[in-house]
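# Descriptive structure summary
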Amino acid sequence: MAIHAPLPVVHSSAHLAHDGLVEVLAGHEIPCFERPERITEIERALAGAGIGAFEEPTEHGADPILAVHDAALVSLIEHAWTDAATAGANPGGRPLIPDTFLVAPYRAGGYGPSGTERANRLGAHCLDTATPIVAGTYPAARAAVDVALTAADRVLSGAPLAYALCRPPGHHAAREMYGGYCFFNNAAIVAESLVRRGGTRVAILDVDYHHGNGTQQLFWDRGDVLYVSLHADPARAFPYFSGHAYERGSGPGADATRNFPLPAGTAVDGYLAALAEACALVEAFAPDAPLVLSLGFDTFERDPIGDLALRTEDYARVATAVSGLHRPTIVVQEGGYAIDAIGANAVSFIGALVDQRAVGA
Ligand code: SP5
Ligand code: ZN
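Nothing here was measured: the structure is a model prediction, and the numbers come from that model.

Looking now at the overall build of the protein. Regarding its fold elements, the protein presents eleven helices and ten strands. For the protein, whose C-alpha radius of gyration is 19 Å, the value lies close to the compact-globule estimate of 21 Å for 361 residues. With respect to the three principal axes, the spread of C-alpha positions in the protein is 65 × 45 × 40 Å. Relative to its 361 residues, the protein shows a buried fraction of 57%. Taking as baseline every contact in the protein between residues at least 6 positions apart, the subset at least 24 positions apart corresponds to 79%. For the protein, the distance from the average site of its 23 positive side-chain charges to the average site of its 41 negative ones is 3 Å.

Structure (structure tokens):
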């Protein structure tokens, strides 16, 4: 039996401080679906299965983030909490959720966020009411980026596969917008860093339940980064306003965005059929850099905010299909909210990826 280097699994405890949160959904203030146990459960399950050599991220600084996000967004997320505390804008130290949104029809009047104090400016950059900011949010979001970039470093220095246990997730974050539980777009930051390190054709495959509106927007008019996503049809699912099959990019990016909206109840056979088409597009694009995989487990049959029907054992088949691309792969964790199953789902997926590669457990 060949001896392989173990799978790098990059993780950080910084995410734990992005906690104690509420989201506002359908008029209810409810505990956040996006919580620390998501990652601690994955860590526990991988360790229990003997999968992965866990390592801490290295500090990559703000530059790779600023290569993707507007400085106004980064500084807003960095300073909103302390500004609000200073201004007494969040009595009781409650999580910051905007109350007023600078939606397009408002902005159409020529109005903008400048001059407004930070806590009141959140609504100029925030997508939804489910992405609160607390004291630990910025360090957690920074660490998630470092986790992703460190995994990318491992693959660029020869590992066939690395798993980035990012939290908070990233694919809903756009150049100057956060939301959908996401602050900085970990996968997009990795893709851009691959371009800046010489990649001329970088592919991102997104298998989270939701459309990665942020990733799509960031690379919409670029031909050097392919974005292919499988997700619940936006006609019924968050983020509602993007992810239709007719959205295919523009200008030099024409056809470098491709979307596969899926009906409710899609189970493994339907899922794998769409994935085969998605993988064929990646193949045809002929990437010259590692594949970036945005991995969500909210496609699970019992996910509390999803309605697809993948079972734990199906994730091994999804992973095997991705392995069929025979590409070095940076796996970036996105969503997945069935806490009691997320560990088993990760073991199923990552275990199968490991089995298919020249990489040890
Ligand atoms: C990274 C990621 O997976 N973000 C997802 C953000 C979803 N936000 C909540 C969407 C509203 C869900 N409606 C659920 C109905 C539950 N019965
Ligand atoms: Zn999701």
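Time to look at the pairing of strand β5 (residues 161–164). Of the two faces of β5, the one carrying L161 and Y163 and the one carrying A162 and A164 are both buried. Here two bridges tie strand β1 (residues 8–10) to β5, and the two strands are oriented parallel to one another. The residue of β5 that forms the bridge with V9 is Y163. Direction of pairing for β5 relative to strand β10 (residues 329–333): parallel, over a ladder of four bridges. Residue pairing for β10: A164 is matched across the bridge by V332.

The next thing to look at is the site of ligand 1. What surrounds ligand 1 is a group of 16 residues, the closest being H172, G180, H210, D298 and Y337. Here a nitrogen atom of ligand 1 and a side-chain polar atom of Y181 are 3.4 Å apart. Side-chain polar atom of H210 to an oxygen atom of ligand 1: 3.1 Å apart, as the coordinates give it. For ligand 1, whose free accessible area comes to 510 Å², the fraction covered by protein is 77%. Class assignment of the residues belonging to the shell around ligand 1 gives a composition of nine nonpolar, five polar and two charged.

As enumerated under the stated definition, the model contains 19 salt bridges in all. Among the salt bridges present, the one from E59 reaches R142, with a minimum N-O distance of 3.0 Å. Of this pair, E59 sits in the loop between β4 (53–55) and α2 (63–66) while R142 sits in helix α6 (residues 137–156); the two residues are 83 residues apart in sequence, bridging distant segments of the chain. With a shortest N-O distance of 3.6 Å, R327 and E283 are connected by a salt bridge. Linking R327 in the loop between α10 (314–323) and β10 with E283 in helix α9 (residues 268–285), this pair joins segments that are 44 residues apart in sequence. On the basis of relative accessibility, which here comes to 39%, the residue E283 falls in the partly exposed class.

As a packed pair, helix α1 (residues 37–48) and helix α11 (residues 339–356) sit with axes 8 Å apart at the nearest point and diverge in direction by 50°. On the basis of their axis angle, the class for α1 and α11 is oblique. Once α1 is placed against α11, the crossing between them reads as right-handed. Between α1 and α11, the residues in contact are E37, R38, E41, I42, A45 and L46 and I339, I342, G343, A344, A346, V347 and I350, respectively.

The next point concerns α1. Look at α1: 16 Å from first C-alpha to last across twelve residues, which is about the 16 Å you get at 1.5 Å a residue. Listing the buried residues of α1 in full gives R38, I39, I42, E43, A45 and L46. Packed against the buried residues of α1 are β1, β4, β5, β10 and α11. Once α1 finishes, G50 follows within two positions and takes phi at roughly 70°, a positive value.

About the cut-offs
- Residues numbered from 1 in each chain as written.
- Chains lettered and ligands numbered in written order.
- Predicted model: local features only at pLDDT ≥ 70, side-chain atom pairs only at ≥ 80, totals over all residues.
- Heavy atoms only, no water.
- Helix = DSSP H or I, 4+ residues; strand = E, 2+ residues; numbered from the N terminus.
- Rg over C-alpha atoms; globule rule 2.2 N^0.38 Å.
- Buried < 20%, exposed > 50% of the residue type's maximum accessible area, 1.4 Å probe, protein only.
- Contact = heavy atoms within 4.5 Å.
- Lys, Arg positive; Asp, Glu negative; His and termini not counted.
- Charge placed at Lys NZ, Arg CZ, Asp CG, Glu CD.
- Pairing = 2+ DSSP bridges.
- Near = heavy atom within 4 Å.
- Polar contact = N/O pair within 3.5 Å; in protein donor to acceptor, adjacent residues only side chain to side chain.
- Areas by Shrake-Rupley, 256 points an atom, 1.4 Å probe, with all protein chains shown as cover.
- Nonpolar A, V, L, I, M, F, W, Y, C, P; charged D, E, K, R; others polar.
- Salt bridge = Lys/Arg side-chain N within 4 Å of Asp/Glu carboxyl O.
- Axes fitted to C-alpha atoms, helices over the stretch in contact; angles between N-to-C directions.
- Parallel < 35°, antiparallel > 145°, perpendicular 65-115°, else oblique.
- Left-handed = near helix turned anticlockwise from the far one by under 90°.
- Expected span 1.5 Å × (residues − 1).

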